[in-house]
Amino acid sequence: DIRRGEVVIVFDPKGDIDLLRRVYAECQRAGRLDAFFMFHLGHPHISARYNPVGSFSRITEVATRIAGQLPSEGQSAAFKEFVWRFVNVMARALVALGRKPDYREINRYASDIEPLLIDYFEHWFDSEPSAVGWRDELQSMAIDKKSLDKGLQSRGVRAVSLVEYARRRKLYDPIAHALASTLNYEKSHFDKLVASLLPLMEKLTTGRVAAL
């Protein structure tokens, strides 16, 4: 197959070094060494890199690949569905901003969604004809946190101001609306809802796994 120019993918769970050498040697003989890639957790310094969520045909695949690794028995099913929606919102926002989703980005915003919300809202307002001059209006806008939903009261001033500006101007964008809905949860309650996601993301972004 290698000599015929086929795409050859070898999965070797037992780590047979002779098989690896043989595949490498055949690539060399066939003049295809530039097309040889090895993915190996034990040797990150010579391993190829791989972004499991960076390539997709549908944006929902990002959330499905991540949430699919969480338990779904009993009460965990409801948390899994919440995590799927949360990750899907993050992925949609990242792609809209021209950034490719990866485990590091998902882990970063799973812990604190506000920076992503701020980036997306500013990007949206800059391209929204109905929001011309929004930066000046935002500076002069007075907000009484006590009048806001309980979830918003524990959030940062910048994020709250952007969400409130969109509400007062009756502006709508599906991704912005989904991001804003995550702020309606009280932060401590929200952290409990995504508690199952954070340990998974830590495992995928720590040590040798993170390097790959």
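Read on for an overview of the structure. All of these numbers come straight from a predicted model, not from anything done at the bench.

## Some remarks on the environment of Arg3
As for its placement among the helices and strands, Arg3 is situated in the segment before α1 (17–29). When the C-alpha atoms of Arg3 and Arg32 are compared, they prove to be 8.6 Å apart, with 29 residues separating the residues in sequence.

## Observations regarding the pattern of salt bridges
Side chains that differ in charge, positive against negative, can pair when their charged atoms come close. Across all of its chains, the model carries 17 salt bridges by this definition. Note that Asp18 is salt-bridged to Arg21, the shortest N-O span being 3.7 Å. On the criterion of helical spacing, the pair formed by Asp18 and Arg21 is a turn pair, its members being 3 residues apart in helix α1. Among the residues examined, Arg21 registers a relative accessible area of 54% and is labelled exposed. Note that Arg65 is salt-bridged to Glu61, the shortest N-O span being 2.7 Å. One end of the pair, Arg65, and the other, Glu61, are both in helix α2 (residues 60–67), 4 residues apart, so they sit about a helical turn from each other.

## Comments concerning the packing of aromatic side chains
Taken as a whole and judged by the stated rule, the model has 7 aromatic pairs. Ring centres of Phe121 and Trp124 lie 5.5 Å apart, and the angle between their planes is 70°; on these two criteria the pair is classed as edge-to-face. Separated by 3 residues within a single helix, Phe121 and Trp124 lie in helix α5 (residues 114–127), roughly one turn from each other. Judged by relative accessible area, Phe121 falls into the buried class, the value being 2%. Judged by relative accessible area, which is 6%, Trp124 ranks as buried. Put simply, the rings of Phe121, Trp124, Phe125, Trp134 and Tyr165 pair up and form one aromatic cluster.

## As for the nonpolar core
Counting 53 residues, the largest nonpolar core has Ile66, Phe86, Val87, Met90, Phe121, Phe125 and Leu179 as the members making the most contacts within it. Contact partners of Met90, with chain neighbours within four places excluded, come to Ile106, Tyr109, Ala110, Ile113 and Leu116.

## Section: α5
In this model α5 runs 20 Å from its N-terminal to its C-terminal C-alpha over 14 residues, within 8% of the 20 Å that 1.5 Å per residue would give. Three or more residues of α5 are buried, namely Glu114, Leu116, Leu117, Ile118, Tyr120, Phe121, Glu122, Trp124 and Phe125. Tucked inside the fold, the buried residues of α5 contact α3 (76–96), α4 (103–111), α6 (134–140), α8 (157–168) and α9 (174–183).

## Focus: α4
Residue pairs spaced three or four apart in an α-helix point in one direction, given the helix's 3.6 residues per turn. Of the residues making up α4, those classed as buried are Tyr103, Glu105, Ile106, Asn107, Tyr109 and Ala110. Those residues of α4 that are buried are in contact with α2, α3, α5 and α11 (197–204). Among the residues of α4, the N-terminal cap falls to Asp102, whose side-chain oxygen and the backbone nitrogen of Arg104 are separated by 3.1 Å.

## Section: empty space enclosed by the protein
Applying the stated criterion across every chain yields a total of 1 cavity of 30 Å³ or more. Quantified by volume, the largest cavity comes out at close to 40 Å³. Contributing to the lining of the largest cavity are Tyr109, Ala110, Ser111, Asp112, Ile113, Arg155, Lys187, Phe190 and Asp191. Looking at the lining of the largest cavity, the elements that each hand over two or more residues are α4 and α10 (187–193). In the lining of the largest cavity, the residues fall into 4 nonpolar, 1 polar and 4 charged.

## With respect to the packing of α4 against α11
Packing of α4 against α11 brings their axes to within 9 Å, and their N-to-C directions diverge by 145°. Two packed elements cross with a definite hand, and for α4 against α11 that hand is left-handed. The residues of α11 that touch α4, namely those facing Tyr103, Ile106, Asn107, Ala110 and Ser111, are Leu197, Leu198, Met201, Glu202 and Leu204. For the contact of α4 with α11, the residue count by class is 7 nonpolar, 2 polar and 1 charged.

Calculation rules
- Residues numbered from 1 in each chain as written.
- Predicted model: local features only at pLDDT ≥ 70, side-chain atom pairs only at ≥ 80, totals over all residues.
- Heavy atoms only, no water.
- Helix = DSSP H or I, 4+ residues; strand = E, 2+ residues; numbered from the N terminus.
- Salt bridge = Lys/Arg side-chain N within 4 Å of Asp/Glu carboxyl O.
- Buried < 20%, exposed > 50% of the residue type's maximum accessible area, 1.4 Å probe, protein only.
- Phe/Tyr/Trp six-rings, centres within 6.5 Å; stacked < 30°, edge-to-face > 60°.
- Core = buried A, V, L, I, M, F, W, Y, C linked by side-chain atoms within 4.5 Å.
- Contact = heavy atoms within 4.5 Å.
- Expected span 1.5 Å × (residues − 1).
- Polar contact = N/O pair within 3.5 Å; in protein donor to acceptor, adjacent residues only side chain to side chain.
- 1 Å grid on protein atoms, 1.4 Å probe; cavity = no way out; pocket = protein on both sides within 12 Å on 5 of 7 lines; lining within 4 Å.
- Points joined across faces, edges and corners; volume = space filled by probe spheres on them.
- Nonpolar A, V, L, I, M, F, W, Y, C, P; charged D, E, K, R; others polar.
- Axes fitted to C-alpha atoms, helices over the stretch in contact; angles between N-to-C directions.
- Left-handed = near helix turned anticlockwise from the far one by under 90°.

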